[in-house]
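# Tertiary structure, described
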Amino acid sequence: EAGVAQSPRYKIIEKRQSVAFWCNPISGHATLYWYQQILGQGPKLLIQFQNNGVVDDSQLPKDRFSAERLKGVDSTLKIQPAKLEDSAVYLCASSRFGPRSSSYEQYFGPGTRLTVT
Amino acid sequence: AQSVTQLGSHVSVSEGALVLLRCNYSSSVPPYLFWYVQYPNQGLQLLLKYTTGATLVKGINGFEAEFKKSETSFHLTKPSAHMSDAAEYFCAVSRYSSASKIIFGSGTRLSIRP
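Residues numbered from 1 in each chain as written. Chains lettered and ligands numbered in written order. Predicted model: local features only at pLDDT ≥ 70, side-chain atom pairs only at ≥ 80, totals over all residues. Heavy atoms only, no water.

## Re the environment of P8(A)
Residue and element names in this part refer to chain A. Note the following rule: Each helix is a run of DSSP H or I of at least 4 residues and each strand a run of E of at least 2, with the numbering of both proceeding from the N terminus. Any pair of residues with heavy atoms lying within 4.5 Å of one another is described as a contacting pair.
With respect to the element layout, P8 can be found in the loop between β1 (5–7) and β2 (10–13). Placed 82 residues apart in sequence, P8 and Y90 show a C-alpha to C-alpha distance of 10 Å. Ignoring sequence-local partners within four residues, the contact set of P8 consists of A20, F21, G111 and T112.

As structure tokens, then:
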């Protein structure tokens, strides 16, 4: 099966500009996650969707970050306006089963590397 | 609250030597534990996971990990390192809950010396 797709792979913008990332999860995966991975750190969850509803967005900086998952499939993550500290890799992941299943596993896309200058 | 500590941000071993990457976790409830690998410019790939049952878990590429509740550890091992094992490795913890999220450690970069 096709993996999680993300675009673009790389993006360079100036601070105060806006940027959007796109994610297409694996077909049939109800849950979609957006992570921020700063250089030298592990991924940090920004937002989790179950179908097209938000399950957890407690670590999403809502003053500048927004995300949506239309029709419970594709998702976009937007930053407006960007700050220097937003430079990171933004990873999208999806899962078919929830954490109560022994088959629980998240599948990750290749990520989008954002550089804010 | 859950957390993960990976001991050693960088580990270097010779090709053919034992690989040992250390991970300790903190969780107030029985955890789910994961090891992910990340190759340069790629996303994360699941190596292995522990949910319930046998505490020694075997994964892909010859890796295995043992869940030790008394030590709150989930160390990753491989008997003989290969050059292709050079990558970043992340330990992660979750829990049995419909809304649980995965908490990742800060990662350990594994280098293999010829």
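Still more to cover.
## Some details on the interface of chain B and chain A
Quick note on the threshold: Summed over both partners, the accessible surface that disappears when two parts come together, traced with a 1.4 Å probe, is what is meant by buried area. We define a salt bridge as a contact between a side-chain nitrogen of Lys or Arg and a carboxyl oxygen of Asp or Glu at a distance within 4 Å. Two N or O atoms form a polar contact when they lie within 3.5 Å of each other; inside protein one atom must be a possible hydrogen donor and the other a possible acceptor, and for residues adjacent in sequence the pair counts only when both atoms belong to side chains.
Contact with chain B, which involves 24 residues of that partner, is made by 27 residues of chain A. Of the roughly 2000 Å² buried between chain B and chain A, counting both surfaces, carbon and sulfur atoms make up 51%. A per-residue breakdown of the area chain B buries against chain A is headed by N41(B), K101(B) and F104(B), which together make up 25% of the total. Inspection of the chain B/chain A interface yields 0 salt bridges. Here chain B is connected to chain A by 3 residue pairs in polar contact (both at pLDDT 80 or more).

## Examining the state of the cysteines
Residue and element names in this part refer to chain A. Condition: Any two cysteine sulfur atoms within 2.5 Å of one another count as a disulfide. Partly exposed describes any residue whose relative accessible area lies between the buried limit of under 20% and the exposed limit of over 50%, with all areas from a 1.4 Å probe on protein chains only and scaled to the type maximum.
By the definition in use, this model includes 2 disulfides over all chains. Bridging C23 to C92, the disulfide has an S-S length of 1.9 Å. Torsion about the S-S bond of the C23 and C92 cystine: about -70°, corresponding to left-handed handedness. Of this pair, C23 sits in strand β3 (residues 19–24) while C92 sits in strand β9 (residues 88–95), and the two are 69 residues apart along the sequence. Accessibility classification places C23 together with C92 in one group, the buried group.

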